[in-house]
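Structural overview for review
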Amino acid sequence: MSASDTPDIRRHMERLAAEGVDVVRVVYPDLIGTDRARDVLLDHLPSACDHGLAFCRAVYHTSPQGDVAAVAGGLDAGLPDVTVRPDLSTLAVLPWEPGVAACLGEVTDPATGAPAPESPRDLLRTVLARATEQGLRPVVGPELEYFLLEPAPGTPTGWRRSPETTGSVYTAGLRADPDNHLLRTLRHLRDLGLGVITGNHEFDGGQYEINLTHSAALDAADRAFRFKAAVKELARQEGNMATFMAKPFGDAGGSGFHLHLSCNDAEDRNAFDDPAGSYGLSATARHAVAGILAHAPALAALANPTVNSYKRFGPDTLAPWLIDWGLDNRSAMVRIPPERGSGARLEVRLGDASANPYLLIAGTIAAALLGVQAGEEPSAPLEGYGYDTSRSTLLPQTLSAALDALEADTALTEVLGKAFTTSFLTYKRDELARFGRHVTDWEFTEYAYHL
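Parameters and conventions
- Residues numbered from 1 in each chain as written.
- Predicted model: local features only at pLDDT ≥ 70, side-chain atom pairs only at ≥ 80, totals over all residues.
- Heavy atoms only, no water.
- UniProt positions renumbered as here; feature names shortened; annotations may be inferred.
- Salt bridge = Lys/Arg side-chain N within 4 Å of Asp/Glu carboxyl O.
- Helix = DSSP H or I, 4+ residues; strand = E, 2+ residues; numbered from the N terminus.
- Buried < 20%, exposed > 50% of the residue type's maximum accessible area, 1.4 Å probe, protein only.
- Pairing = 2+ DSSP bridges.
- Patch = residues over 30% accessible without salt bridge, like charges linked within 9 Å, V, L, I, M, F, W, Y side chains within 5 Å.
- Areas by Shrake-Rupley, 256 points an atom, 1.4 Å probe, with all protein chains shown as cover.
- Axes fitted to C-alpha atoms, helices over the stretch in contact; angles between N-to-C directions.
- Parallel < 35°, antiparallel > 145°, perpendicular 65-115°, else oblique.
- Left-handed = near helix turned anticlockwise from the far one by under 90°.
- Contact = heavy atoms within 4.5 Å.
- Nonpolar A, V, L, I, M, F, W, Y, C, P; charged D, E, K, R; others polar.
- Polar contact = N/O pair within 3.5 Å; in protein donor to acceptor, adjacent residues only side chain to side chain.
- Expected span 1.5 Å × (residues − 1).
- Arc of directions from axis to C-beta.
- Phe/Tyr/Trp six-rings, centres within 6.5 Å; stacked < 30°, edge-to-face > 60°.
- Lys NZ or Arg CZ within 6 Å of the ring centre and 35° of its normal.

The name that an unreviewed UniProt entry assigns to the chain is Type I glutamate--ammonia ligase, with the source organism given as Streptomyces siamensis. What UniProt records for the chain under Sequence similarities (unreviewed entry) is the sentence "Belongs to the glutamine synthetase family."

Here it is as structure tokens:
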């Protein structure tokens, strides 16, 4: 029986047609978490499900500027295909684009039928399978910040913060958001079914934070990926730009991507809670903390994946640049919120908003699982305000150092897989090489007149 004959696909097509939908956008994440997609006319959806959509595998190796890195399996292999099939269980009508529904795509190698080695969604599935073997089901709540920019012709970048109002920290309403960007965005994201729950103006002018509800890790990653794509699309629709770049402005703080992580056990109880345990945490939770701390230098490569990411770090930034943990302490890399019972969890504050949700979540869970396997206790929790290098170890301070740490962490890369790790390291080192050849405005200002 072909896909076109299956009742499931016919039901989806009938429902979409009844809602006025005639196009299905099939979307999947590349290595850096950017959405790649193709629009499929509704009549051709059965064929897309049957045969899949052909994409060049090297799209995983293509930079934001369109350069293709020399990753094995791409250029060297003659630019072969991957096959992308619609995951109809993820179909959702786009509230802001009439006649269009979107769904995630499943990416496979047409020669083997196996998942594509660089597929971030399948990497997370692999890590979650490891968690299942240990009787744990990770639950994740994502928190993401971003800047809204408006056109500013004649300025060096062509963009400025929208608005540039300062001092409206953790507010809502027209004082910090005179155009009501946040309300419109929240309502569209709600209607898309992404599980958004709250939003507010953040610390700096034009900066916003929107929180998503917690759910099983793969679902949380799917929603975070679609959230980032939707926020950018909505801003573009209004002639603006939303950026999840780690630190777009030198005179402002950066944007974070915090993860609230817990695990349920086989009986669906919170495996991180133990009223009799140290700090009210179970041994599993404490071992997970120890694992995240132990593998933090390597994890930084996934959590802080750009050259720009490391400009977000520094004293008094509330961006963690030391490897530490604390009880309800926002200056620590891993914060333990005060809730216990069903709310017991870790808040991993390492990530910045440029991180690929699938890779950040996969890497964090992998590090936590290694900690559970090792069974070691973490060091004493941080007390008071952090950022004291005499008390805690420094994280990598450049992307190059983080990539070296990832390559050296054989325990973590074994969980992530050799094929993925090699592709990621090659892609990111190509990015570093291109940056190293680029002459910046700072260099010209600093040197040209005097030297």
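Attention now moves to the pattern of salt bridges. By the definition in use, this model includes 32 salt bridges. For R429, the salt bridge goes to E407, with nearest N and O atoms at 3.0 Å. Residue R429 is located in helix α11 (residues 418-436), and its partner E407 is located in helix α9 (residues 399-408); the two are separated by 22 residues in the primary sequence. Where salt bridges share partners, they join D87, E106, R121, D122, R125 and D222 into one cluster.

Before going further, it helps to spend a moment on the UniProt feature "domain: GS catalytic" (unreviewed entry) in the chain. On the UniProt side, "domain: GS catalytic" (unreviewed entry) is annotated at positions that read residues 120-451 here. Along residues 120-451 one finds 39% helix and 17% strand; the C-alpha atoms at either end are 46 Å apart.

Two faces belong to every sheet, and in a regular strand the side chains alternate between them. Within strand β6 (residues 137-151), 12 of the 15 residues are buried, which leaves it mostly tucked inside the rest of the structure. In this sheet, strand β12 (residues 257-264) lies alongside β6 in antiparallel orientation, the contact comprising 8 bridges. When the bridges of β12 are listed, E143 appears paired with H258. For β6 and strand β10 (residues 215-216), the ladder comprises 2 bridges, and the chain directions are antiparallel.

Let us now look at a nonpolar patch on the surface. A cluster of nonpolar side chains, V68, L75 and L79, forms an exposed patch at the surface whose accessible area comes to about 220 Å². Tracing the backbone through its elements, the reader meets L79 in the loop between β3 (53-56) and β4 (81-93). L79 sits in the partly exposed class, given a relative accessible area of 40%.

This part takes up the packing of helix α6 (residues 283-294) against helix α8 (residues 357-374). Two elements in contact, α6 and α8, have axes separated by 6 Å at closest approach and are oriented at 120 degrees. Judged on the interaxial angle alone, α8 and α6 are oblique. Judged by the twist between their axes, the crossing of α6 over α8 is right-handed. For the pair α6 and α8, contact is made by T284, H287, A288, G291 and I292 and by T364, A367, A368, G371 and V372, respectively. Along the lines of polarity and charge, the residues of the contact of α6 with α8 split into 5 nonpolar, 5 polar and no charged.

Let us look at the environment of H260. Residue position: H260 is located in strand β12. Sequence-distant contacts of H260, that is, excluding residues within four places in its chain, are made with V139, V140, G141, E143, R335, P337, R345, L346 and E347. Side-chain polar atoms of H260 contact the side chain of E143, separated by 3.0 Å.

With 12 residues, helix α4 (residues 181-192) should cover 16 Å at 1.5 Å per step; its first-to-last C-alpha distance of 17 Å lies within 8% of that length. Buried within α4 we find H181, L182, T185, L186, L189 and L192. An end-on view of α4 places all buried positions within 125 degrees of arc, on one side of the element. As for α4, its buried residues are in contact with β4, β6, β8 (196-201), β9 (207-212) and α5 (217-237). Immediately downstream of α4, the backbone of G193 shows phi near 80 degrees, a positive value.

Turning our attention to the packing of aromatic side chains. The relation between two aromatic rings is expressed through the spacing of the ring centres and the mutual angle of the planes. Scanning the entire structure with this criterion turns up 13 aromatic pairs. With a centroid separation of 5.1 Å and 80 degrees between ring planes, the pair formed by Y28 and F55 is classed as edge-to-face. Here F55 lies in strand β3 and Y28 lies in strand β1 (residues 23-29), a separation of 27 residues in the sequence. A residue is classified by how much of its surface remains accessible, and Y28, at 0% relative accessible area, is buried. Here the aromatic rings of Y279 and W325 are separated by 5.4 Å at their centres, their planes lie at 80 degrees, and the arrangement is edge-to-face. Linking Y279 in the loop between β12 and α6 with W325 in strand β14 (residues 325-327), this pair joins segments that are 46 residues apart in sequence. What makes W325 buried here is its relative accessible area of 2%. Taken together, the ring pairs connect Y146, Y208, F227 and F244 into an aromatic cluster. Sitting over the face of the ring of F55, R38 holds its NZ or CZ atom 4.2 Å from the ring centroid.

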